[in-house]
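For reference, the chains in residue letters:
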Amino acid sequence: QVQLVESGGGLAQPGGALRLSCSASGFKFSIYFMRWYRQAPGKERELVATISSNTGTMTEYADSVKGRFTISRDNVKNTTYLQMNSLEPEDTAVYYCSAQHRYFRDYWGQGTQVTVSS
């Protein structure tokens, strides 16, 4: 019954913006780190962003998205977001959210497609 469901993907123009959402259910969301990954065609899976558990005071970003993407979380809604600004064609990928814990198994969503093209 554990679920992570990504939404908000789609087609954007270079320089545009999208906000991805990851809705969680079936586990104690607040105690998990939340991470966003992406996998582009022909490339390996890449860690994009991390937010720490509970109040989410720690965030980390891949160099390729630093200054453009922002990760956040809402523990009332059991949802993590990835705000993507100044999109580039290189951001085209399937984006996955993952809930990860120091001691427990991690969980993964099924992904949402982001395409950046003119």
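Since the model is a prediction, treat every value here as computed from it, not as a measurement.

## Here's the deal with the overall build of the protein chain
Moving on, step 1. Scanning the protein chain from terminus to terminus reveals 0 helices and 11 strands.
Moving on, step 2. Ordered by position from N to C terminus, the α and β elements of the protein chain give β-β-β-β-β-β-β-β-β-β-β.
Moving on, step 3. Relative to the globule expectation of 13 Å for 118 residues, the C-alpha radius of gyration of the protein chain, 14 Å, shows essentially globular dimensions.
Moving on, step 4. Based on the C-alpha atoms only, the size of the protein chain along its principal axes is roughly 40 × 25 × 25 Å.
Moving on, step 5. When the 118 residues of the protein chain are sorted by exposure, 42% land in the buried category.
Moving on, step 6. Long-range contacts, defined here as pairs at least 24 residues apart, represent 52% of the contacts in the protein chain between residues at least 6 apart.
Moving on, step 7. When the accessible surface of the protein chain is summed, it comes to about 6,500 Å², and 45% of that surface belongs to carbon and sulfur atoms.

## Observations regarding the state of the cysteines
Simply put, disulfide is the name for a covalent bond between the sulfur atoms of two cysteines.
Moving on, step 1. Per the stated rule, a full pass over the model turns up 1 disulfide.
Moving on, step 2. Disulfide partner of cysteine 22: cysteine 97, at an S-S distance of 1.9 Å. The disulfide joining cysteine 22 to cysteine 97 has a torsion of about 55 degrees about its S-S bond and is therefore right-handed. Of the two residues, cysteine 22 sits in strand S3 (residues 18-25) while cysteine 97 sits in strand S9 (residues 93-100), which places them 75 residues apart along the sequence. A single burial state applies to cysteine 22 and to cysteine 97, both of which are buried.

## Observations concerning the packing of aromatic side chains
Moving on, step 1. Summed over the entire model, instances satisfying the criterion amount to 4 aromatic pairs.
Moving on, step 2. Clustering of aromatic rings is evident, with ring pairs tying together Phe27, Tyr32 and Tyr107.
Moving on, step 3. Of note, arginine 73 hangs over the ring of phenylalanine 29, and the distance from its end group to the ring centre comes to 4.6 Å.

## Brief notes about the pattern of salt bridges
Moving on, step 1. Per the stated rule, a full pass over the model turns up 5 salt bridges.
Moving on, step 2. A salt bridge links lysine 66 to aspartate 63; its shortest N-O distance comes to 3.2 Å.

The rules we used
Residues numbered from 1 in each chain as written. Predicted model: local features only at pLDDT ≥ 70, side-chain atom pairs only at ≥ 80, totals over all residues. Heavy atoms only, no water. Helix = DSSP H or I, 4+ residues; strand = E, 2+ residues; numbered from the N terminus. Rg over C-alpha atoms; globule rule 2.2 N^0.38 Å. Buried < 20%, exposed > 50% of the residue type's maximum accessible area, 1.4 Å probe, protein only. Contact = heavy atoms within 4.5 Å. Areas by Shrake-Rupley, 256 points an atom, 1.4 Å probe, with all protein chains shown as cover. Disulfide = S-S within 2.5 Å. Phe/Tyr/Trp six-rings, centres within 6.5 Å; stacked < 30°, edge-to-face > 60°. Lys NZ or Arg CZ within 6 Å of the ring centre and 35° of its normal. Salt bridge = Lys/Arg side-chain N within 4 Å of Asp/Glu carboxyl O.

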